[in-house]
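Understanding the architecture of this molecule
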Amino acid sequence: MDDGLDYEVHTKIRFWLDFTGDGEFNSLLLPDVQQSFVSHVKELYEQDAVLGSYISSDLHFHFDGRWVDLEYTFSCHDENEAEAESFSEYSVRQIQEGLEKFGCKLTRVTCSAEEADMTWYEQLEDAIFGTREASMQIEKERVENFVRGYVRDTGTQLVKKLQPCPTLACIAGNIPPEKDICWNITEECYRVRSKEIKLCLHGLIEHGASLAAQGSENQLHDLRDFVCALAAYWPENPETDDPWETEKAYGSLFDDTINRVRASRDAPELSKEQKENILIGLENYIIDLASQFSEIGQEALEGGLGVCESVASGLQQTWAAMEQTQNHEPMECQPEQGGMTMQ
């Protein structure tokens, strides 16, 4: 199965300004029309859940009389270049009617995808947390350990603290040691963790789509609540982002994704990389939120860990059932030396 890649899609949209619709145009008004058009487009893009989440650059407007070119970068994780380009164009077509209400005509959308250069991200992680060679094997086993409920390290303070939330304790027991020990939120660290949280959020939404495609609706309510809460808890730009707007945007993205899948009953199975992204994001949330409580009691559960435990438990059960189906055999969880299996 193709695990997919990160893509940057250069997107260019061409418009023709004709606000009267009858071919008449007062050129003296053009500068004001152009300025109003920019405000109109920016407002629609900011309000749209998909575009607001996936655009990773500024919106660049280029005017040539009544012609307008809008260019930006649309960043996404997809199976191939064609799928990434299609996703970017689809997101524009979804708001085309709203764009054209200004009194313009959208004449062309061109998209060109290329694999994202993630070297900066890997170098930044190494600079902050040290090289990952020592923990690569641990990270490779992250998904497998979670699916079978295996805890690599049962003695950490975080695992002991999270005993009221056994699935979260399982995740905590497989966190690479240096990540837990060196946890501190500097500006650079926050940048790295924010990207991980974003990948986690989109992985959780894709998991919801997979559930909807299978007709498994019982987990969707808690999953949606958690996606919204996590997005608001960990904003990409904490100094400027409005938590309520962020929560609303991800709620809309979740709903739109689920509704499309309900109509088609078609959603791809999560890749191993997407599952890893989800678990990495949950690790970040668990470490940070649990540190705010001296013990995991009712306050901590109501503060976010309760719904996180519910979602994590649903993930574990779903992924274990899928693995059992793929293997066509019962899955046995056996404790191994150096760890234990959570019951």
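Treat the numbers as computed from the prediction; the structure is a model and nothing was measured.

A word on the packing of helix H12 (residues 220-233) against helix H15 (residues 298-327)
Look at H12 against H15: their axes get within 9 Å of each other, and the N-to-C directions meet at 125 degrees. Between H12 and H15, the interaxial angle falls into the category oblique. Taken as a pair, H12 and H15 cross one another with a handedness that is left-handed. Of H15, the residues touching H12 (which contributes Asp222, Leu223 and Phe226) are Val307, Cys308, Ser310 and Val311.

A word on the packing of helix H11 (residues 187-213) against H12
The angle between the axes and the distance between the axes are what describe a pair of packed helices. In the contact formed by H11 and H12, the axes pass within 10 Å of each other and the chain directions differ by 165 degrees. In terms of orientation, H11 and H12 fall into the roughly antiparallel class. Between H11 and H12 lies a crossing whose hand is left-handed. Packed against H11, whose contacting residues are Ile197, Cys200, Leu201, Leu204, Ile205, His207, Gly208, Leu211 and Ala212, the element H12 presents Leu220, Leu223, Phe226, Val227, Leu230 and Ala231 at the interface.

Focus: the packing of aromatic side chains
Each aromatic ring pair is summarised here by two numbers: the centre-to-centre distance and the angle between the ring planes. Considering all chains together, one arrives at 13 aromatic pairs under this definition. Residues phenylalanine 15 and phenylalanine 37 carry aromatic rings whose centres are separated by 5.1 Å and whose planes lie at 70 degrees to one another, so their mutual orientation is edge-to-face. Here phenylalanine 15 is found in strand S1 (residues 5-17), whereas its partner phenylalanine 37 is found in helix H1 (residues 30-47), with 22 residues between them in sequence. Accessibility expressed as a relative area gives 0% for phenylalanine 37, which makes it buried. For the pair phenylalanine 226 and tyrosine 285, a centre-to-centre distance of 5.3 Å together with 80 degrees between the ring planes defines the contact as edge-to-face.

Description of the nonpolar core
Here is a general trend for soluble globular proteins: nonpolar side chains tend to be buried in one another's company. Counting residues in each nonpolar core, the largest one holds 89 residues, and the members touching the most others are Tyr45, Tyr72, Phe74 and Leu204. If sequence neighbours within four positions are ignored, phenylalanine 74 has contacts with Tyr7, Glu8, Val9, Thr11, Val50, Leu51, Tyr54, Ile55, Phe87, Ser88 and Ser91.

Structural notes on the environment of aspartate 222
Among the secondary structure elements, aspartate 222 is positioned in helix H12. Along the backbone, aspartate 222 and glycine 314 are 92 residues apart, and their C-alpha atoms lie at a distance of 9.6 Å. Beyond its immediate sequence surroundings of up to four residues, aspartate 222 is in contact with Val307, Ser310 and Val311.

Structural notes on the pairing of strand S3 (residues 67-78)
Side-chain positions along a regular strand alternate between the two faces of the sheet. Pairing geometry for S1 and S3, over 12 bridges, is antiparallel. Opposite arginine 14, over in S3, you have aspartate 69 as the bridge partner. Of the pairings in the sheet, the one linking strand S2 (residues 60-64) to S3 comprises 5 bridges and is antiparallel in character. Considered in S3, the bridge of histidine 62 is made with aspartate 69. Where S2 folds back on S3, the antiparallel hairpin that results is connected by 2 residues, among which glycine 65 adopts a positive phi of roughly 65 degrees.

Reading guide: rules and limits
- Residues numbered from 1 in each chain as written.
- Predicted model: local features only at pLDDT ≥ 70, side-chain atom pairs only at ≥ 80, totals over all residues.
- Heavy atoms only, no water.
- Axes fitted to C-alpha atoms, helices over the stretch in contact; angles between N-to-C directions.
- Helix = DSSP H or I, 4+ residues; strand = E, 2+ residues; numbered from the N terminus.
- Parallel < 35°, antiparallel > 145°, perpendicular 65-115°, else oblique.
- Left-handed = near helix turned anticlockwise from the far one by under 90°.
- Contact = heavy atoms within 4.5 Å.
- Phe/Tyr/Trp six-rings, centres within 6.5 Å; stacked < 30°, edge-to-face > 60°.
- Buried < 20%, exposed > 50% of the residue type's maximum accessible area, 1.4 Å probe, protein only.
- Core = buried A, V, L, I, M, F, W, Y, C linked by side-chain atoms within 4.5 Å.
- Pairing = 2+ DSSP bridges.

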